Amino acid sequence: MVKFACHRATIALAAAMWSMAGHGQEALKIGAPTSLSGRYVAFGVQAKRGIEFAIEVWKATKGETAAGHPIELFMVDTQSDNALTVSTMNDLIQSRRVNIIIGPDGSDIAAAAVPPWKRAGDRPVWILPGSSGSKTEEEVGADRYFFHTFAWAYDYHKNSAQALLQSIGPKKRVAFVYSDGAYGRSQIGPAQKYMKQAGFEVVDSQLVREGASEFNSAIVKMRATHPDVVYVLMQTTDVIQFTKQLNIAKAGIKYQISTAAPQLPEWQNAVGDAQNCWIGVTTWTPGLGLPGDPREPKLFPDSNTWEAAFRARYKREPGFLDVGYYVSTMLALLAVDATKSVNRDAVTDWLSKQDYKTPLGSSSKFSRSDITPHQAFSKVVLFQRVKGTKGFESAVFYPTEIAKAKLQPCN
């Protein structure tokens, strides 16, 4: 039976709630604030698929409940809006009384979700499979009920600097272009820090307006500094505009790098041939060949098997948030199943000790980040978009042990 939850304020509900009979036990209520519309919709649709796919696989493998607890999912569209995210979090925590929150996606709205969650004395367990922005980490602090299943900004840029150093050597000239929102501002500091530490020379740093219709003036100024590398720190819709305009400008920059955007079909489809030779940084990409878990091979098969099952279900390639939300949701379900409880302390204690091999990474074990006590899946992968016989592909060139290609300069 499908029940639709309604937010009677200004938020549009965009998904459903499952509720099955479970021997009279208290329901497991999962809240999923998700960008099903607005500027982060590319992230939100992946989040939705990942959560739904995990619940489908769980039901097919373990049954309709988690240790007898009926599973209820409240998935609400934040519309990629900070104010609506605050309202959504308040509703999920205070009215819906959810036990576990999974999401939201983009860095800006994740940061906006922190204050309403922190204000609640009986706040639920929060698993966040997105947001690399340092503002979120700083505001969450050392809270024991928070679990981050994504790389932070410094994880991205520490690895990016090492990958570029290894591939093209030091003393190259780097120009940064970053947006004025929470994402760009949180990324620029660690990006510059680690590039300088790796021996690169920062020759320019352009701050641009988030959501701007054009970036031509920034491109002109940046090109005048003659960089070898342009490092773009914006969200997907802005990277689309910048990529198109940089291509038209024929700036002649040898290496063009962004973070998550080059992996997203939305970016790839929008920019077309302009994607050639762009570098992307991601927590996961198809084809890594990660092993499955011997204890739960149906929930956590090897990544190739998981990808095949995903493609059969959705008729498309999975993205990094598809797998991130899948794994995070599955860990939540396993926590309740193992503890036979929806109590937040029981769930927290179990999550902090578990360790599975998953399609997202070789270990799901949590350890301390710079600030928070529960951090997993910090390793990132760097790839370059190259044109093959079947169209553009992502050629992984870092880390070395899984590399399938070498980084090439743009023509």
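Everything that follows concerns the structure shown earlier in this document.
These remarks concern the structure in this document.

Scoring rules and cut-offs
As a convention, each chain's residues are numbered from 1 in the sequence order in which they are written. Local features are withheld for residues below a pLDDT of 70 in this predicted model, meaning they are given only at 70 or higher, and side-chain atom pairs are given and counted only at 80 or more; totals for whole chains, interfaces and linings count all residues. To get the side-chain values, all heavy atoms of the structure are used, and hydrogens and water are removed first. The disulfide criterion is simple: two cysteine sulfur atoms within 2.5 Å. Counting from the N terminus, the helices are DSSP H or I runs at least four residues long and the strands are E runs at least two residues long. A simple rule labels every residue: compare its accessible area, found with a 1.4 Å probe on the protein chains alone, to the largest value its type can have, and call it buried under 20%, exposed over 50%, or partly exposed in between. When checking whether two residues touch, look at their non-hydrogen atoms; a contact exists if any pair is within 4.5 Å. Whether two strands pair depends on DSSP finding at least two bridges between them. For the handedness criterion, the strands are oriented away from the viewer, and a crossover whose path from the first strand over the helix to the second runs clockwise is classed as right-handed. In summary, the pairing rule links any two rings of Phe, Tyr or Trp, Trp by its six-membered ring, whose centres are within 6.5 Å, and it sorts them by plane angle into stacked for under 30 degrees, edge-to-face for over 60 and tilted for everything else. Salt bridge, as used here: a side-chain nitrogen of Lys or Arg that lies within 4 Å of a carboxyl oxygen of Asp or Glu. A helix is expected to reach a length of 1.5 Å times the quantity of its residues less one. What we call the bend at a residue is the angle made by axes fitted to the seven residues finishing there and the seven residues starting there.

One pass over the structure, following the stated rule, counts one disulfide. Disulfide partner of C277: C410, at an S-S distance of 1.6 Å. Within this pair, whereas C277 is found in the loop between α9 (265–271) and β13 (278–282), its partner C410 is found in the segment after β15 (391–398), the two being separated by 133 residues in sequence.

Examined against the element boundaries, G292 turns out to sit in the loop between β13 and α10 (303–314). Residue class for G292 comes out partly exposed when judged on its relative accessible area of 25%. Taking the C-alpha atoms as reference points, G292 and T348, separated by 56 residues in sequence, lie 24 Å from one another. Other than its neighbours up to four places away in sequence, G292 contacts F300, P301, D302 and K357.

Next up on the list: unusual backbone geometry. Among all residues except glycine, the phi angle is most often negative; among peptide bonds, the trans geometry is most common. Omega for the bond connecting G103 with P104 falls within 30 degrees of zero, at 5 degrees, which places this linkage in the cis form. With respect to the secondary-structure elements, P104 resides in the loop between β6 (100–102) and α3 (107–119). Between Y398 and the following residue, P399, the backbone shows a cis peptide bond with an omega angle of 5 degrees. Looking at where P399 falls in the secondary structure, it is placed in the segment after β15. With a phi angle near 60 degrees, S80 is a residue other than glycine that sits in the positive phi range.

Okay, the environment of M222 next. Tracing the backbone through its elements, the reader meets M222 in helix α7 (residues 216–223). On the accessibility criterion, M222 (0% relative accessible area) is buried. Along the sequence, M222 and S352 sit 130 residues apart, while their C-alpha atoms lie 45 Å from each other. Not counting chain neighbours up to four residues away, the residues in contact with M222 comprise A175, D204, Q206, P227, V230, F242, L246 and I253.

Here we take up the pairing of β15. In this structure, strand β14 (residues 381–388) lies alongside β15, joined through seven bridges in antiparallel fashion. Pairing of F383 across the sheet is with V396, part of β15. Counted between consecutive antiparallel strands, the loop separating β14 from β15 contains two residues.

Here β13 lies mainly inside the structure; five of its five residues are buried. Every second residue of β13 is oriented toward a common face, with W278, G280 and T282 on one face and I279 and V281 on the other, all of them buried. Sheet analysis places strand β12 (residues 255–257) next to β13, joined by two bridges and oriented parallel. Along β13, the bridge assignment pairs Q256 with W278. Crossover connection from β12 via α9 to parallel β13: handedness right-handed. Summarising the sheet, β13 and β14 pair through four bridges and their orientation is antiparallel. Paired with I279 across the bridge in β14 is Q384.

All right, on to the packing of aromatic side chains then. In total, this model carries 21 aromatic pairs according to the counting rule given. Judged by centre distance (6.1 Å) and plane angle (45 degrees), the rings of F150 and Y156 are tilted. Exposure remark for Y156: the relative accessible area of 2% places this residue in the buried category. Between W306 and Y326 the ring centres are 5.3 Å apart and the planes differ by 65 degrees, which places this aromatic pair in the edge-to-face class. Separated by 20 residues along the polypeptide, W306 in helix α10 and Y326 in helix α11 (residues 320–339) bring together distant segments of the chain. Here Y326 falls in the buried class, since its relative accessible area comes to 1%. Each residue in the set F53, W284, W306, F310, Y314 and Y326 is aromatic and connected to the rest through ring pairs, giving one cluster.

Under the criterion given, the structure shown has 17 salt bridges. R173 serves as the salt-bridge partner of E201, at 3.8 Å between the closest nitrogen and oxygen. In this pair, E201 sits in strand β10 (residues 201–208) while R173 sits in strand β9 (residues 173–179), placing the two residues 28 residues apart along the sequence. Residue E201 is classed as partly exposed on the basis of its relative accessible area of 41%. A salt bridge links E307 to R311, with the shortest nitrogen-to-oxygen separation between them at 3.8 Å. Separated by four residues within a single helix, E307 and R311 lie in helix α10, roughly one turn from each other. For R311, a relative accessible area of 31% corresponds to the partly exposed category. Here the residues in one salt-bridge network are R39, D108 and E210, joined through shared partners.

As a further point, take helix α6 (residues 182–197). Turn by turn, an α-helix covers 3.6 residues, leaving residues three or four places apart pointing in a common direction. Here α6 spans 24 Å end to end across 16 residues, near enough to the 22 Å set by a 1.5 Å rise per residue. Within α6, the axis deviates most sharply at I188, by approximately 25 degrees, and proline P190 lies no more than four positions further along. Regarding α6, the residues found buried are Y183, G184, S186, Q187, I188, P190, A191, Q192, Y194 and M195. Of the surrounding elements, those touching the buried residues of α6 are α3, α4 (134–140), α5 (153–168), β9, β10 and β11 (229–233). G199 sits one or two residues past α6 and shows a positive phi near 95 degrees.

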